[in-house]
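# Report on the structure
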Amino acid sequence: MALGPRATQAMREAYIHRMGLDRSLFEQLWRFFARLAVGDLGTDIWSGRSVATLVGAALPYTVALAVTGLGWAVLLGIGFGCLAAGPRRWLDRGVALVSIAFIAVPPFLVAIYCLLVFSVWLHWFPAIGAGEPGDLASEAHALVLPSLAVGLGWIGYIARLVRASLLEVLQEKHIETARAFGLPERVILFRYALPIAVIPAISVIGVGFGALLSGSVFAEIVFARPGIGRLVYQAILERNYPVASGAIVVTAALYAGAMLLTDLAIAVLDPRSRAAL
Amino acid sequence: MPRFSAPLRFLQRIAADPAGLFGLVVAVLFTIVALLSNEISPYDPAHIAVIHRLEGPSRAHLLGTDQLGRDTLSRILVGSRTALGVSVVSILLAATIGAPLGLLAGYGPRWFGTVLLLLLDIVNSLPMIMFALALLVLVGPGFWTVVGVIAFFSVPGYARLIRAQTLSLGQSGFILAARAMGAGLGRILFVHLLPNAMGALLVVVTMDIPSVIGLEAGLSFLGIGIQPPTPSWGSILNDGFSFIRNTPDLVIFAGLPLVATTIGFTFLGERLRQILQPKAAP
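Analysis parameters
- Residues numbered from 1 in each chain as written.
- Chains lettered and ligands numbered in written order.
- Predicted model: local features only at pLDDT ≥ 70, side-chain atom pairs only at ≥ 80, totals over all residues.
- Helix = DSSP H or I, 4+ residues; strand = E, 2+ residues; numbered from the N terminus.
- Buried ≥ 20, exposed ≤ 12 C-beta atoms within 10 Å, placed from the backbone.
- Contact = placed C-beta atoms within 7 Å.
- Nonpolar A, V, L, I, M, F, W, Y, C, P; charged D, E, K, R; others polar.
- Axes fitted to C-alpha atoms, helices over the stretch in contact; angles between N-to-C directions.
- Parallel < 35°, antiparallel > 145°, perpendicular 65-115°, else oblique.
- Core = buried A, V, L, I, M, F, W, Y, C linked by C-beta atoms within 7 Å.
- Left-handed = near helix turned anticlockwise from the far one by under 90°.
- pLDDT = per-residue confidence, 0-100.

So, on to the overall build of chain A. The helix and strand inventory of chain A stands at 11 helices and 0 strands. Mapped from its N terminus to its C terminus, chain A presents α and β elements in the order α-α-α-α-α-α-α-α-α-α-α. Residue burial in chain A is summarised as follows: out of 277 residues, 35% are buried.

Below, the structure written as structure tokens:
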């Protein structure tokens, strides 16, 4: 199939042997995992390059995208959460509606609308690509819109979580004590309440990293950025299975790594959970 | 009319909140439009008239035309039918598979529950979009593949929900009473437990509709969802995306109903949660 309609029987047999398709399924699987263990992800069927090189080239773009997206989500999410937990009712109501809207709208649509408004109409940001390689300012400039599109839903999630847990924390005794000592509200919020209130939000980030990677598929396609999501998308459409499976294995490893990082972060922030580790 | 007053009062309570009212209006409008789309759309959504390609809004074509001269309004209207069809069928499928599994996991033998939870965790940890991509290419895209993929990834949510409900209800007095009266497992599960889990199920279904609609549109946008000539909001967006620089109308008009329905159903779900599960509401 990969050789085109004019392939001879001999070419076909040679190809099948090279790909190892003449071995049993079990043996193929075993060889895949055995090579995986030494870091060999196989070779691209079409170009003959090693999959590890392709994935390695795409990985930094996707990680940058996901981390920046999370950055937006954490910054704006915590900010919105604090606003909503404040004394003003209308602000609470407004933030609640906006966060639900952020969560509801599909990320690829957000990406398209961002592209339309900020790139096509306003020309503030480039519409395609990841900026000039090596030029940090241009790369950061090209990262703004895609990362916002990726992180928008998470702004909503985190805002709601932070609001709920902040309201709970503010009822507690140590906050009451701080108030009794006459500390200013600002100090109480940032020094005593917020560090406790963000813990549930952080644990959600780890679980949500997978969804964030899925979202990056769309952002990478809409903004024509290089990255893992685009690599997998194209590999699957071209039926380039070694590339697709290699990239998916790396994604799974990333996901597991993110889970581990969040567990460690929680252990640092919340001494109570250290006993469970 | 005491028989009618209860549902009516329920609707009134939903509409008492502006966001709930918005959600209710969107949900009703979306359903009516989707059901009547073939009757109310001004043109045949698949009628090609290349002379009129990529026209802006005019009196003849209220929302303009696409790159093949097809009427955008008609395509969006009929696209709502696709969105409704995919969400209803895949959610029904996921709920009919997930609910019995959840009931058994919560009330049946313990080993079954443990094994099931493990399987559900595995499904949950698969990178969904990538898995969907692979499956759609292998099986071939189409309505049933899209429904199958979405249902497959929605089953864990329903099974977990019903399991949690079953666990919390399983120890309550009326279940013990039913057991003491010698009711069988099937009777306890379907006559006593399931109806009591319905409120929570309704909330989750309402909240699930926007994500299913978004997912279908996303897959169709990537070209691996609903295939032409059947119009879908996602494929209209894909068509429009190719011409975003010169004729953004297509993208704008096809995106707005998607924004409205996803936000509307989510608001409705939030409101239902406030009413049906006051304790769980944040």
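Before going further, it helps to examine the overall build of chain B. On a plain count of helices and strands, chain B comes out with 10 helices and 0 strands. Mapped from its N terminus to its C terminus, chain B presents α and β elements in the order α-α-α-α-α-α-α-α-α-α. Going through the 282 residues of chain B one by one, you find that 45% of them count as buried. Within chain B, residue pairs in contact and separated by at least 24 positions form 68% of the contacts whose partners lie at least 6 positions apart.

This brings us to the interface of chain B and chain A. Taken together, the 29 residues of chain B in the interface contact 30 residues of chain A. Where the side of chain B that touches chain A is concerned, the elements lending two or more residues are helix 5 (128-139), helix 8 (185-221), helix 9 (233-242) and helix 10 (249-276) of chain B. A breakdown of the residues in the side of chain B that touches chain A according to their chemical character gives 22 nonpolar, 5 polar and 2 charged.

Moving on, we get to the environment of A:Gly56. Residues and elements named next belong to chain A. Note that Gly56 resides in helix 3 (residues 51-85). By the C-beta count within 10 Å, which is 12 here, Gly56 ends up exposed. A sequence separation of 146 residues divides Gly56 from Ile202, and the C-alpha atoms of the two residues are 28 Å apart.

A few words on the packing of helix 10 (residues 228-237) of chain A against helix 5 of chain B. Viewed as axis vectors pointing N to C, helix 10 of chain A and helix 5 of chain B meet at an angle of 10°, and their least axial separation amounts to 9 Å. Accordingly, the angle class assigned to the pair helix 10 of chain A and helix 5 of chain B is roughly parallel. On helix 5 of chain B, the residues that touch A:Val232, A:Tyr233, A:Ile236 and A:Leu237 of helix 10 of chain A are B:Met130, B:Leu133, B:Ala134 and B:Val137. Of the residues belonging to the contact of helix 10 of chain A with helix 5 of chain B, the class tally is 8 nonpolar, no polar and no charged.

Here the focus is the environment of B:Thr247. As for its placement among the helices and strands, B:Thr247 is situated in the loop between helix 9 and helix 10. As for B:Thr247 and B:Phe131, which are separated by 116 residues in sequence, their C-alpha atoms are 33 Å apart.

Counting residues in hydrophobic clusters, the biggest one holds 132 residues, and the most contacted among them are A:Ala111, A:Ile112, A:Val232 and A:Ala247. With sequence-adjacent residues up to four places away left out, A:Ala111 is seen in contact with A:Pro146, A:Ala149, A:Phe218, A:Ala219, A:Val222 and A:Phe223.

Residues and elements named next belong to chain B. Look at helix 8 against helix 9: their axes get within 7 Å of each other, and the N-to-C directions meet at 40°. Our classification of the angle between helix 8 and helix 9 gives oblique. Note that helix 8 runs across helix 9; the crossing there is right-handed. Taken together, the residues of helix 9 that come into contact with helix 8 (itself represented by Glu216, Ala217, Gly218, Leu219, Ser220 and Phe221) are Trp233, Gly234, Ser235, Leu237 and Asn238. Broken down by class, the residue content of the contact of helix 8 with helix 9 amounts to 5 nonpolar, 5 polar and 1 charged.

Bringing the environment of B:Val259 into the picture now. Residue placement: B:Val259 occurs in helix 10. Taking the C-alpha atoms as reference points, B:Val259 and B:Gly269, separated by 10 residues in sequence, lie 16 Å from one another. Contact partners of B:Val259, with chain neighbours within four places excluded, come to A:Val105 and A:Leu109.

This prediction gives chain B a mean pLDDT of 77; 86% of its residues lie at or above 70. Here helix 1 (residues 2-15) of chain B stands out as the element of chain B with the lowest mean pLDDT, 71, in contrast to helix 3 (residues 72-107) of chain B, whose mean of 84 is the highest.

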